[in-house]
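One-letter residues, chain by chain:
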Amino acid sequence: MAKTYDYLFKLLLIGDSGVGKTSILFRFSEDAFNISFISTIGIDFKIRTIDLDGKKVKLQIWDTAGQERFRTITTAYYRGSMGIMLVYDVTNEKSFENIKNWIRNIEENASADVEKMILGNKCDLDAKRQVSKERGEQLAIEYQIKFVETSAKDSLNVEYAFYTLARDIKAKMEKKQEASNPPGNRSGVHQLKDSDRQRKPTSWLSRCSLL
Amino acid sequence: MSSSSVEDIPEQCRDLFTQDGVLLKSCMGRPISDLNSIGMLCIVQNVDSSKCIEWRPNDLITIDSDTQDQEWAVVNTIGRRQRTLSGNMTSDYAAARARIIRIQLNELKTFKCSRNNQQMQFSTKPGVWHNTFYFQHGNAEIFVANLKNHVKTAKTRHDRNTYVVVEPNVESQELNRSFAELDIFTENTTDVVWNFVHNFKQRPYATTMEAFSKLNDIVYYGNEAVNGKRDVTEEVADLLTKSMSALEDATSVTRSDEYEVINVKPTLPPRPCIPRGTSLSTEKWEGLHDTEGRITEVEGVKQLIFRGGVANSIRHSVWKYLLDYHPWTMTHAEIKVLQKKRTEEYFSMKLQWRSMTEGQEARFSEYRDRKSLVEKDVNRTDRTHPFYAGDNNPNLVILQDILMTYVMYNFDLGYVQGMSDILAPLLLLLGNEVDSFWCFVGFMDKIASNFDMDQAGMKQQLLNLQQLLMFASPELARHLAAKDSANMYFCFRWLLVWFKREFSHKDIMRLWEVLWTGLPCANFHLLICVAILDSEKDVIMHKDCGFTEILKHVNDLSMCLDVDRILSTAEGIYHQIISAPHLTDQVCVILGIPTVGAKPEEPEEPEVPQAGPTNGNAVTYNPDMEEVTLEYNGLQISVVTQTVWALLA
């Protein structure tokens, strides 16, 4: 099977229920917005391949259910993700406060070097705003994570957010590659190698046994 | 022979490495009763500092071992016999000790790790596998890695999973290597390869045997004909691998020193195709009530509904019975009284939260959180359906009020995502706030464990589903296990809201009312899952879907499923399972049917006169009998009771 991309990045959207994770993903993958979304049950993902500095980067973006009760299921999917979008709703104070809990959740379940970004969604609803942009920025500084306010509805900063996260992952990966001795492709491209391995059928003789 | 019973365990043996969850699958010279028991595989250092591989049955190991957390593990379904214990504990212990198996490392010649790290075989003599172990958790590679620290090994050239122990015995090593390097395609050309592939498709078993006979020839008469290198394309490799495993799966081999018995593994009987019936009609429904309104033939009604569902015109009435709001035995008058009582009850609970002041709310965060969660979900529940569409739709307010009142009704459970999906079709059909609430309560009583705080109910169901699939469609279950999907997480949405997201409104009403009957067995909704997965088996397996592709494919099935076909398939699978000769207790427990051991001796049935033509499929009806028997391909299926038959007529 011919590979149609240079890199495959697995990303994850997390945050409280109703902050707009699915809307952000829908905006990014389909460039559309639907006021009557349904809540996410379980887990789903969407794919979009972007061009990043001449490289084709396939983004596999996982969307999760936000309610705490489902966390045992959703955290199972943290494994192997290379970038995480932490989403809160600027019109919902509680969802902002919970970002700290989500960060703790990541620390417990995702790999240590996962790239993170905080998104303050629904910034189009200025009249209902409960969390100022400054507070978002402050939180981001505190955790040394990049931050941007987005609006899935008005298509504001959604592209920017995903490109930024992807670029950071790519930079980190290439840095790792350089660090690991000759130009061999070692640690950084784990994900890619894994998916390659999956596609290859195992040697036929591996199943051949003397009855 | 290396594997020998050990009467007494030397006290100074030291466990160098132990691994739990290892099942003894076959062992030369051991009685069948010793097989299929679970235990621990160890690498042990003997007193004289020589080492051996030791397998101990679990009966020997005290329960306090906490390493066996199998909550999410792949659990095999090889019929695990419940040993009948006789005598006192000490003799049991001695018996268990006698079942220990040891293989001295200095005698070990070859070992093999196969079936996606689920199986390990050991040999002390070339060409004969003395012991086979099954790794419940599919983690044999860990044992291999540790074993390699104690013996020097070389991989055979053509089978990556077979290891030859190189150190101790040079002679046998040579022999093993020659085995591995044999080439079965003696005639060289690619035509042969393609013929081979073609034959595999046409008659896999015969072709495999032919290949083996060639192998045999080479062993006996040398390998002169080999010239040039084999050039097998990956496609060929794939086909061969598949055929091999099909053959492996279909047979089991019992060996003793003198002979081999090759058994065909028990397979499920053919799946009967049971047509769906017609839905329960208004006339039938009315005819079922006695003069005062009681319904006495409850089982019969449920059978009818199970077979064909309920006509839409009477759903609003029938659902109240199916969801335990209206008791079957109540008269019309009694129901009227009950309704009045339940209405008052509802509004008093509603008043509890409606009368909450803003100040109270501000100091009651748990209540506030639930309220906001309900609001969020109500605003995104079935909004594309005309009944819930548009801004300021009053039906959304009712949806919200019912869910909020349910929070007061069951504050421990509160509101969990998915509940709005469960309620929406009920309100849509019943239209009435109070009726919808009490029907919702009845539905929630059936599926409350789906919403457990710790998700224990969901985990249990996913595990049960995996076990049922392993029994009903083992090939697919193994494929899923190999693709990191044995946890069945991709079925989470199906189970949480009983397929609400997978079907249209019209179809979900049909599916739910059939499932509410509780027929033909407990957990029939899990067989619905099995039916859907089984019908997607070819896609999932042929595309060689990985973990992500499986999830995607399953999620994308939403709104593409045929409810009647699935119900019919699920019922067929049910009959396949219960008439399987190798039905296990585990499966029986899941389906709530008497376990195999507990089955009462059935008296010889009098011969039922065949009414139909002699094609083997017939419906027989005897007015004196309580049951109507449908015969399909030799399977007898009891379908309806006498009364229902009369109703159907």
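Report on the accompanying structure. (Residues numbered from 1 in each chain as written. Chains lettered and ligands numbered in written order. Predicted model: local features only at pLDDT ≥ 70, side-chain atom pairs only at ≥ 80, totals over all residues. Heavy atoms only, no water.)

When helices and strands are tallied, chain A shows 7 helices and 6 strands. From first element to last, N terminus to C terminus, chain A shows the α and β order β-α-β-β-α-β-α-α-β-α-β-α-α. Evaluated residue by residue, chain A yields a buried proportion of 54% over its 211 residues. Counting contacts in chain A only where the partners sit at least 6 residues apart, residues at least 24 apart contribute 73% of the total. Element-wise, carbon and sulfur atoms account for 48% of the exposed surface of chain A, whose accessible area totals about 9,800 Å². (Helix = DSSP H or I, 4+ residues; strand = E, 2+ residues; numbered from the N terminus. Buried < 20%, exposed > 50% of the residue type's maximum accessible area, 1.4 Å probe, protein only. Contact = heavy atoms within 4.5 Å. Areas by Shrake-Rupley, 256 points an atom, 1.4 Å probe, with all protein chains shown as cover.)

Residues and elements named next belong to chain B. One way to put it is that helix 19 (residues 505-516) packs onto helix 23 (residues 563-578) with a least axis distance of 10 Å and a crossing angle of 20 degrees. Comparing their axes, helix 23 and helix 19 come out roughly parallel. For the element pair helix 19 and helix 23, the recorded crossing hand is right-handed. Across from D507, R510, L511 and V514 in helix 19, the residues of helix 23 making contact are V563, D564 and L567. Split by residue class, the contact of helix 19 with helix 23 holds 4 nonpolar, no polar and 3 charged. (Axes fitted to C-alpha atoms, helices over the stretch in contact; angles between N-to-C directions. Parallel < 35°, antiparallel > 145°, perpendicular 65-115°, else oblique. Left-handed = near helix turned anticlockwise from the far one by under 90°. Nonpolar A, V, L, I, M, F, W, Y, C, P; charged D, E, K, R; others polar.)

All right, on to the side chain of T74 of chain A then. All names here are of chain A. Here T74 lies in helix 2 (residues 71-74). A residue is classified by how much of its surface remains accessible, and T74, at 3% relative accessible area, is buried. Those residues in contact with T74 that sit more than four places away from it in its chain are G42, T64 and A65.

Residues and elements named next belong to chain B. With respect to topology, 9 strands assemble into an open sheet ordered 4-3-2-1-7-6-5-9-8, the strand pairing being antiparallel. Two strands close off the open sheet at either side, each with one partner strand: strand 4 (101-104) and strand 8 (153-155). Strand-to-strand twist in this sheet, taken as the mean axis angle between neighbours without regard to direction, amounts to 30 degrees. In this fold helix 2 (residues 140-147) packs onto strand 1 (14-27), strand 2 (38-45), strand 3 (51-57), strand 5 (110-114), strand 6 (119-123), strand 7 (131-135) and strand 9 (162-165), with an angle of close to 35 degrees to the strand it touches most, strand 6. (Pairing = 2+ DSSP bridges.)

For the rest of this paragraph, the subject is helix 9 (residues 312-322) of chain B. Residue and element names in this part refer to chain B. For helix 9, the set of buried residues is I314, R315, V318, W319, K320, Y321 and L322. Turning to helix 9, the residues buried within the fold contact helix 7 (282-288), helix 8 (298-308), helix 10 (332-354), helix 14 (419-430), helix 15 (433-447) and helix 19. Just downstream of helix 9 lies D324, where phi reads positive at about 60 degrees.

With 156 residues, the main nonpolar core has L86 of chain A together with W285, M419, F499, F524, L527 and I528 of chain B as its most contacted residues. Not counting chain neighbours up to four residues away, the residues in contact with L86 of chain A comprise I14, I99, W102, I103, I106, K116, M117, I118, L119 and I145 of chain A. Counting 27 residues, the second largest nonpolar core, distinct from the first, contains L11, V19, L25 and A161 of chain A. (Core = buried A, V, L, I, M, F, W, Y, C linked by side-chain atoms within 4.5 Å.)

Glancing now at the packing of aromatic side chains. This structure, assessed with the given rule, holds 38 aromatic pairs over all chains. Ring geometry for W62 of chain A against Y77 of chain A: centres 5.3 Å apart, planes inclined by 35 degrees, an arrangement best described as tilted. With W62 of chain A in strand 3 (residues 55-64) and Y77 of chain A in the loop between helix 2 and strand 4 (83-89), this pair connects stretches of sequence that are 15 residues apart. The class for Y77 of chain A is buried, based on a relative accessible area of 3%. Centre to centre, the rings of F443 of chain B and W498 of chain B are 5.4 Å apart; their planes meet at 65 degrees, and the pair counts as edge-to-face. Taken together, the positions of F443 of chain B in helix 15 and W498 of chain B in the loop between helix 18 (492-496) and helix 19 put the pair 55 residues apart, joining distant regions of the chain. As far as the burial class goes, F443 of chain B and W498 of chain B line up, both buried. Here the aromatic residues W55, F111, F122, F133, F135, F143 and Y163 of chain B are joined through ring pairs into a cluster of three or more. Sitting over the ring of W102 of chain A, R71 of chain A keeps its end group 3.9 Å from the ring centre. Across the ring face of F45 of chain A, the terminal group of K552 of chain B is positioned such that the distance to the ring centre comes to 4.7 Å. (Phe/Tyr/Trp six-rings, centres within 6.5 Å; stacked < 30°, edge-to-face > 60°. Lys NZ or Arg CZ within 6 Å of the ring centre and 35° of its normal.)

All names here are of chain B. Relative orientation of the contacting elements helix 13 (residues 394-409) and helix 14 amounts to 125 degrees, with a least axis distance of 10 Å. Of the possible angle classes, the one that applies to helix 13 and helix 14 is oblique. Crossing of helix 13 over helix 14 shows right-handed handedness. Of the residues in helix 14, those in contact with N395, I398, L399, I402, L403 and Y406 of helix 13 are M419, S420, L423, A424 and L427. Each residue belonging to the contact of helix 13 with helix 14 can be placed in one class, and the counts come to 9 nonpolar, 2 polar and no charged.

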